[in-house]
Every structure is written in structure tokens, then in C-alpha cells.
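Chain residues, written in single-letter form:
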Amino acid sequence: MTVDTEKYIEFVKGVTSDPSLDYAAFLTRTNSLELQEDCNVTQLLTAALGLTAESGEFTEVVKKIIFHPKVLPSIVIADPELTVGMPKFITAGTGLDAFAHCVEAYSSPHYHPMSQGIALEGMRLVTTYLPRAYATPDDLEARAHMMSAAAMGATAFQKGLGAIHAMSHPVGAVFNTHHGTTNAVCMPAVLAFNADAIRGRFDQAAAYLGIDGGFDGFCEFVQQFNDSFAIPRTLTEMGVSADRLDDLVAMALEDPSCGGNPVELTADGLCGLFRACF
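Residues numbered from 1 in each chain as written. Predicted model: local features only at pLDDT ≥ 70, side-chain atom pairs only at ≥ 80, totals over all residues. Heavy atoms only, no water.

Right, let's get into the overall build of the protein chain. What the protein chain contains, in helices and strands, is 12 helices and zero strands. Burial analysis of the protein chain (278 residues in total) assigns 45% to the buried set. For the protein chain, long-range pairs separated by at least 24 residues make up 78% of all intrachain contacts whose partners lie at least 6 apart in sequence. Surface accessibility of the protein chain: about 14,000 Å² in total, with carbon and sulfur atoms responsible for 56%. (Helix = DSSP H or I, 4+ residues; strand = E, 2+ residues; numbered from the N terminus. Buried < 20%, exposed > 50% of the residue type's maximum accessible area, 1.4 Å probe, protein only. Contact = heavy atoms within 4.5 Å. Areas by Shrake-Rupley, 256 points an atom, 1.4 Å probe, with all protein chains shown as cover.)

This is the structure we're talking about:
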């Protein structure tokens, strides 16, 4: 296939936003580029971003989500033995990232009953097996189930993500925080913000997960779950400062995850959410 380099260079410019980069040189070098049908688009991404890195430094720090069928791997090796040596805080943070994917997919107002079911079972796997994987690093059964939960979260969130990720993406970009841990810190505030829209479905989820008290019980469980893994209760504890609040809100509004939140996200709403997390 022939690459539409005019459109592609516009994409690269949108990522870097650096007027000093020599986009014309890149366009000249790739204008007649022909790709095989089985070419992975990441090869072109790597080449393009490598060229811009040679030409100058990035001036904008953002976190972008890139979807394309050719980015999907042909084979995935999910071997729990490869994760045994992970530090405990990474085991916790990555596990809670999978949990956040499932929680937000389950919260999303979009219609996808298969994803809804996958998200619910993914939550059960995390709540059951993450404590075991955290406490006993060589528990391969627990780590295998957590790998399944991670894959299930990634499958489920085709239904949508929401405010948790809309917030954690800019926080991670600006302050270099761990993504899954940032999600965990933001989750209690987002659950409270979305309460009226999601209470009914989490009453059902709580019953399935063996959590008493419906939605309110689920919210209490989430905070206790975070605490059990020594997750900070605030973004401030992670080194995030409120002096970048306006930037974080603006970046969150641009994040595509906003569209999956069950309550419409506005600048005022996101400002309140960030303040609740400081």
C-alpha cells in the first residue's frame, strides 16, 4: 500500500508540536514510500519519531492514545514466571491499572454487553488474586489470573474509559507518575463524582464480588483495597502540585477517555475532581 505521507506528517506534527523540526525533509524521504500489506504501522511511527528526535527536542509533553489494527501483536506470550521479580509497588500499581480498566469499562454508558461481562469478571479476578500476588511474589497461580485480568481489562475498555484515565494521563505526562498507581489514587473521587449514574450497576457488581453494602460498600472497599497495597491517598503524596491545575484540566478535557465517562466532564467538574485528589 502507498502511505499518505501528507496526512501522516500532520499526525507527527500533532504529536510533537515543535515548529523547529524538519518535517519537509521527512516528507521528501517518505513521499514515495511503499509498504507491504503486512507491514506494522509501528515501524513507520518509530521511523518518523526517530527522525524528529534527530532534528530537535520535543517541546510538548503529552500522553497520546494510538489505535490501529496493525499495532495489534500477532502473538502474545503471557508467562507469569516473567513477573515474579517485579517490585511490590509495581505489582500493586499494574494490578490496580487492570482494575481501573475494568471499573471504567463497567461504568461507561456505551452499549457493549460482552465488554460489560468481561469487565465484571476482570474485577473479580483482581480483587481475589492481586492480594495474593502482592503478598507472595512467586504465587504463579495468582499471577496467571492477574495476567488474564489485565488482558480482560484491555478487552473491556473498548466500551469506554472515563474520568480516571482522563485525569491520570495528563498527570503522568506532566509529573511522570506511575500510571496504574495514579489511576488508583483518582478512583475514589471519580466513583463519588459518577455516583448517581453508576449506583445501580455497582449495586449488582458488589453482590457478584461478595462486597456488602452495594455501591457505597464498593466505594469503601476500593479505598481499603488501595490502602492494603500502600497506595497514596492523594496526588500530592505522589509529587503532583496544584500549581499546574489549569494545565491538567485543559489536557484532561482533550483526552479521548472523557467520552466514556457516565457523567459529562466539564472544566469545572474536572477542576473539582483534581482538587479532591490533592
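As a further point, take the nonpolar core. Ranked by size, the top nonpolar core spans 63 residues in total, and within it M123, F202, F218, L235 and F274 carry the most contacts. Contact partners of M123, with chain neighbours within four places excluded, come to F99, C102, V103, Y106, F202, L209 and F218. (Core = buried A, V, L, I, M, F, W, Y, C linked by side-chain atoms within 4.5 Å.)

A separate point is the pattern of salt bridges. When their charged atoms lie close together, side chains carrying opposite charge are able to pair. According to the stated counting rule, one finds six salt bridges in the structure shown. Taking the shortest distance from any N to any O, the salt bridge between E141 and R132 comes out at 2.8 Å. The shortest N-O distance in the salt bridge between D216 and R199 comes to 3.2 Å. On the criterion of sequence distance, the pair formed by D216 in helix 10 (residues 214-228) and R199 in helix 9 (residues 195-209) is long-range, its members being 17 residues apart. The partly exposed category is assigned to D216, whose relative accessible area is 41%. Using a relative accessible area of 32% as the deciding quantity, one classes R199 as partly exposed. Overlapping salt bridges bring together R132, D139 and E141 as one network. (Salt bridge = Lys/Arg side-chain N within 4 Å of Asp/Glu carboxyl O.)

Our next topic: helix 8 (residues 179-193). Between its terminal C-alpha atoms helix 8 stretches 21 Å, which fits the 21 Å expected from 15 residues at 1.5 Å a residue. Those residues of helix 8 that fall on the buried side of the exposure criterion are H179, G180, T181, T182, N183, A184, V185, C186, M187, A189, V190 and L191. As for helix 8, its buried residues are in contact with helix 4 (88-107), helix 7 (163-175), helix 9, helix 10 and helix 12 (267-277). (Expected span 1.5 Å × (residues − 1).)

Attention now moves to the packing of helix 4 against helix 9. For the pair helix 4 and helix 9, the least separation of the axes is 10 Å and the interaxial angle reads 125°. Considered as vectors, helix 4 and helix 9 are oriented oblique to each other. Contacts between helix 4 and helix 9 involve V103, Y106 and S107 from the former and I198, R201, F202, Q204 and A205 from the latter. Taken together, the residues of the contact of helix 4 with helix 9 break down into five nonpolar, two polar and one charged. (Axes fitted to C-alpha atoms, helices over the stretch in contact; angles between N-to-C directions. Parallel < 35°, antiparallel > 145°, perpendicular 65-115°, else oblique. Nonpolar A, V, L, I, M, F, W, Y, C, P; charged D, E, K, R; others polar.)

Along the polypeptide, D255 turns up in the loop between helix 11 (245-254) and helix 12. In this structure the side chain of D255 is engaged in a polar contact, spanning 2.7 Å, whose partner is the side chain of H169. Here D255 is in contact with I65, H165, A166 and H169, once residues within four sequence places are set aside. (Polar contact = N/O pair within 3.5 Å; in protein donor to acceptor, adjacent residues only side chain to side chain.)

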